[in-house]
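Coordinate inspection notes
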Amino acid sequence: MEHKQLIQVIQNMTGVFLTDDKIYLLDSRLNQLMKEYNLKTYDEVALKLLQKDDSEFYHKLVDKITTHETRFFRDESIFDALAKQIIPEWLEKNQISKSNITKKLNLWSIGCSYGQEPYSIAITIKENHPYLFPHTKILATDISKDVIERAKKGIYTDFEVNRGVPDYIKNKYFTKIDNEYKLDEEIKSIVEFKIHNLIHDPYPYGFDIILCRNVLIYFDLNTKKEVVRKLIRSLNNNEGILILGSSENLINLVDNYVMREYGLARYYEFTPSVTFFKRN
Ligand SMILES: C[S@@+](CC[C@H](N)C(=O)[O-])C[C@H]1O[C@@H](n2cnc3c(N)ncnc32)[C@H](O)[C@@H]1O
């Protein structure tokens, strides 16, 4: 079945670029949806998307086409880096102490999927910097309406919780109800979920730390460049910390961000001078 037009439409709408070796995903992921809407060809799917008159169809397709793989404390070294290096340095830079909290810590978790990433950040801050917790706000966004609706509930299966949450965190912040685990309301209270498409929606701004992990991998080089340029504008004064996935980097995307390390974790920090590798 011809798929070129649909791949282009999907890329224009979501940024997700299906390379030749991923085209088989169209069959497996869209089969059911095409039956439901009585669409016989990929061109008909593309046309329906272009008509932009059926938001339910659009959201269902986006949900099928995107990959939501995630888990609590994924690549856990980055949560150590947040607790032990990134946040302490932010506190120092802003001259914030327990008795002198003059501003809020604003984070943005992009492509947050079912919420495990922003909730892992909230738990990390509660555990390591409890006095900062009430002064922290985490915006968590994703293009997929389905994942945002589930993330807001903060209810996870046995498998999802046991996949990354240490026992003491599970006992402290989750309540088991039948076969599910409900996340503590206080942890949930600092996370705000919203649908946001990195390709078409205006970017919010004023963040100290942005996490965009395992999202750029689905985009082509030009889209990555454009998204990273906008992310940097969303950081406070174009500065701040940018955290990508463990297999992603800023090479060829931007110059004035240096890579920092903490244990196995790597992240990026603005520097006004030429790029160099800064070791701790
Ligand atoms: C593999 S998950 C990453 C989840 C989490 N950040 C992590 O690293 O565990 C990628 C997420 O990016 C979202 N996504 C894909 N394209 C997007 C876009 N254009 N705008 C916003 N989110 C997008 C998907 O819906 C998906 O939930």
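None of these values were measured; they are calculated from a predicted model.

The rules we used
Residues numbered from 1 in each chain as written. Predicted model: local features only at pLDDT ≥ 70, side-chain atom pairs only at ≥ 80, totals over all residues. Buried ≥ 20, exposed ≤ 12 C-beta atoms within 10 Å, placed from the backbone. Helix = DSSP H or I, 4+ residues; strand = E, 2+ residues; numbered from the N terminus. Arc of directions from axis to C-beta. Contact = placed C-beta atoms within 7 Å. Near = placed C-beta within 6 Å. Nonpolar A, V, L, I, M, F, W, Y, C, P; charged D, E, K, R; others polar. Domains from an automatic or database assignment. Pairing = 2+ DSSP bridges.

**A closer look at helix α7 (residues 145-153)**
- Residues of α7 that are buried: Val147, Ile148 and Ala151. Down the axis, α7 shows its buried residues gathered within 100° of arc, on one side only.
- At its buried positions, α7 is contacted by β2 (136-142) and β6 (191-195).
- Directly after α7, the chain includes glycine 154, whose backbone phi takes a positive value near 65°.

**Points about the environment of leucine 6**
- Locating leucine 6 in the fold gives a position in helix α1 (residues 4-14).
- For leucine 6, a count of 24 C-beta atoms within 10 Å puts it in the buried group.
- Once you skip the residues sitting within four places of it in the chain, leucine 6 turns out to touch Tyr42, Val45 and Ala46.

**Focus: the site of the ligand**
- By nearness alone, 26 residues border the ligand, and Thr66, Thr70, Gly111, Ile143 and Leu198 come closest of all.
- Of the residues contributing to the shell around the ligand, the split by class is eight nonpolar, 13 polar and five charged.
- Among the domains, domain 1 (4-65) and domain 2 (77-270) are the pair contributing at least three residues each to the shell around the ligand.

**Focus: the domain arrangement of the chain**
- Domains assigned within the chain are domain 1 (4-65) and domain 2 (77-270).
- Facing eight residues of domain 1, the contacting portion of domain 2 comprises eleven residues.
- Every element with two or more residues in the side of domain 1 that touches domain 2 is listed here: α1 and α4 (55-65).
- No other element matches α4, which puts three residues into the side of domain 1 that touches domain 2.
- Here the residues of the side of domain 1 that touches domain 2 sort into four nonpolar, three polar and one charged.

**Let's talk about the pairing of β2**
- The element β2 is largely enclosed, with a buried count of five among its seven residues.
- Pairing of strand β1 (residues 105-110) with β2 involves six bridges; the strand directions are parallel. By the bridge assignment, serine 109 is partnered in β2 with alanine 140.
- Summarising the sheet, β2 and β6 pair through five bridges and their orientation is parallel. What sits directly across from threonine 141, in β6, is lysine 194.

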